[in-house]
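# A closer look at the structure
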Amino acid sequence: MKYLILLKMYWQNSWVYPVSFMMWRFRQFISTFAAITVWVAIFQTQQSAFGYSRDSMISYIFLTGFLQSMILATQTGGLAQQIYAGEISNTLLKPLNIFGAFIVQELSDKFLNFSFVIIETIILIQIFHPVFVLPPLSLFLLFLITVILGAVLLFFMMLLLGTLGFWSPDTWGPRFLFYIFVDFTAGKLFPLNIFPKILQDILALTPFPYLTYAQTQIFLQHASSNQILKTFLMLGFWIVVIASAFSLIWRKGIKDYGAAGH
């Protein structure tokens, strides 16, 4: 019950500064709109590009817009600053599990972003009239599972990045570089299979393609059975590795945090 109350509080807090949130959603809408416009223009002079038809590429862009809200949008990005500023003490003193609070905060943000991405998608459909390439039910279920696992992976990645706040006030720079790197390696801006194969193979060993790109390939039926299995194995591997690293560094940081007298 207390976590339901906390969920309601986080939802209400999201509307304390509605202009800020609306501008964020407008930025996401414009980003998707611009990407679709560019690809529509490209496909006016050719039937396919980088192995994608017009319909599958438009589906890809819509998917990445959706996944930005379901996976890449997060409330844990400011954790490092909260830790360094001492604001995390308020959460630590409350009679609830701090990681449960992080999860509830994240769920609240996902619900809110999901509500808006549905509205934005309807508007974009009315503008571009796309023909979606839909997968069979079995692949769609696998896609949904990988979306959830991708959100879990990013959650732990952001928590791990947030532990910088225990030791350094310079938290904005690393977070900015992280997001720039994600833009180019997660398939957010363009499909990763436009890269040379050797670069694709290198990226496949990192956690980043499993935040967006791998999910789109399952949805668009571009992934073989072996590739789907690899996606699940890599998601599981990186979740365990990053969650373990976060747990270790968090315990060390909390010990120093308390000793420092924050």
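Residues numbered from 1 in each chain as written. Predicted model: local features only at pLDDT ≥ 70, side-chain atom pairs only at ≥ 80, totals over all residues. Heavy atoms only, no water.

### Details of the environment of Phe166
Secondary-structure assignment places Phe166 in the loop between helix H7 (137-162) and helix H8 (172-185). Under the relative-accessibility criterion, Phe166 is labelled buried at 11%. In sequence terms Phe166 and Gly253 are 87 residues apart; their C-alpha atoms lie 5.6 Å from each other. (Helix = DSSP H or I, 4+ residues; strand = E, 2+ residues; numbered from the N terminus. Buried < 20%, exposed > 50% of the residue type's maximum accessible area, 1.4 Å probe, protein only.)

### Digging into the packing of helix H6 (residues 98-128) against H7
It is at 12 Å that the axes of H6 and H7 come closest, and there the two elements cross at 125 degrees. Between H6 and H7, the angle is such that the two are oblique. The two elements H6 and H7 meet at a crossing, and its hand is right-handed. Two secondary-structure elements touch here, H6 through Phe102, Ile103, Glu106 and Lys110 and H7 through Ala151, Phe155 and Leu159. (Axes fitted to C-alpha atoms, helices over the stretch in contact; angles between N-to-C directions. Parallel < 35°, antiparallel > 145°, perpendicular 65-115°, else oblique. Left-handed = near helix turned anticlockwise from the far one by under 90°. Contact = heavy atoms within 4.5 Å.)

### Examining the pattern of salt bridges
For side chains of opposite charge, pairing can occur when their charged atoms come near one another. Summed over all chains, the structure comprises 4 salt bridges. One salt bridge connects Arg54 with Asp55, and the closest N-O pair in it is separated by 3.9 Å. As a salt-bridge pair, Glu106 and Lys110 come within 3.8 Å of each other at their nearest N and O atoms. Here Glu106 and its partner Lys110 are both found in helix H6, 4 residues apart, which amounts to about one turn of the helix. Grouping residues by exposure puts Glu106 and Lys110 together as buried. (Salt bridge = Lys/Arg side-chain N within 4 Å of Asp/Glu carboxyl O.)

### Focus: helix H2 (residues 18-42)
Because each turn of an α-helix spans 3.6 residues, side chains separated by three or four positions end up pointing in the same direction. With 25 residues, H2 ought to run about 36 Å at 1.5 Å a step, and its terminal C-alpha atoms sit 36 Å apart, in line with that. Listing the buried residues of H2 in full gives Phe21, Arg25, Gln28, Phe29, Thr32, Ile36, Trp39 and Val40. Those residues of H2 that are buried lie in contact with strand S1 (48-49), helix H3 (54-72) and H6. (Expected span 1.5 Å × (residues − 1).)

### Some words on the packing of H7 against H8
At their nearest, the axes of H7 and H8 sit 11 Å apart, and the two run at 150 degrees to each other. The orientation of H7 relative to H8 falls into the category roughly antiparallel. Note on packing geometry: the crossing formed by H7 with H8 is right-handed. Contacts between H7 and H8 involve Leu154, Met157, Met158 and Leu161 on the former and, on the latter, Pro174, Arg175, Phe178 and Tyr179. Classifying every residue of the contact of H7 with H8 gives 7 nonpolar, no polar and 1 charged. (Nonpolar A, V, L, I, M, F, W, Y, C, P; charged D, E, K, R; others polar.)

### Quick notes on the nonpolar core
For soluble globular proteins, nonpolar side chains are generally found buried alongside one another. With 48 residues, the main nonpolar core has Ile36, Ile71, Leu153 and Leu211 as its most contacted residues. Of all the elements in the fold, those that place two or more residues in this core are H2, H3, H6, H7, H8, helix H10 (213-219) and helix H11 (225-259). When residues of this core are assigned to their parent elements, the largest contribution, 10 residues, is made by H3. Apart from the residues within four sequence positions on either side, Ile36 is in contact with Ile58, Ile61, Phe62, Leu124 and Phe128. Listed in part, the 10 residues of the second largest apolar core include Ile88, Phe155, Phe246 and Trp250. (Core = buried A, V, L, I, M, F, W, Y, C linked by side-chain atoms within 4.5 Å.)

### Regarding unusual backbone geometry
In this model, His129 sits at a positive phi of 50 degrees, which is unusual for a non-glycine residue. Tracing the backbone shows His129 in the loop between H6 and H7. The phi torsion at Gln221 lies on the positive side, around 65 degrees, for a residue other than glycine. Position of Gln221 among the secondary structure elements: in the loop between H10 and H11.

### Digging into the packing of aromatic side chains
For the structure shown, the criterion picks out 15 aromatic pairs. Consider the rings of Phe33 and Phe128, whose centres lie 5.4 Å apart with planes at 50 degrees: the pair is tilted. Of the two residues, Phe33 sits in helix H2 while Phe128 sits in helix H6, which places them 95 residues apart along the sequence. What makes Phe33 partly exposed here is its relative accessible area of 31%. Residues Phe143 and Phe219 carry aromatic rings whose centres are separated by 5.0 Å and whose planes lie at 65 degrees to one another, so their mutual orientation is edge-to-face. Taken together, the residues Phe143 in helix H7 and Phe219 in helix H10 connect sequence positions 76 residues apart. Accessibility classification places Phe143 together with Phe219 in one group, the buried group. Through a chain of ring-to-ring contacts, the aromatic side chains of Phe178, Tyr179, Phe181 and Phe208 assemble into a single cluster. (Phe/Tyr/Trp six-rings, centres within 6.5 Å; stacked < 30°, edge-to-face > 60°.)

### A word on the environment of Tyr179
Tracing the backbone through its elements, the reader meets Tyr179 in helix H8. Along the chain, Tyr179 and Leu72 lie 107 residues apart, while their C-alpha atoms are 9.2 Å from each other. For Tyr179, the residues in contact, after removing those within four places along its chain, are Leu72, Thr74 and Met158.

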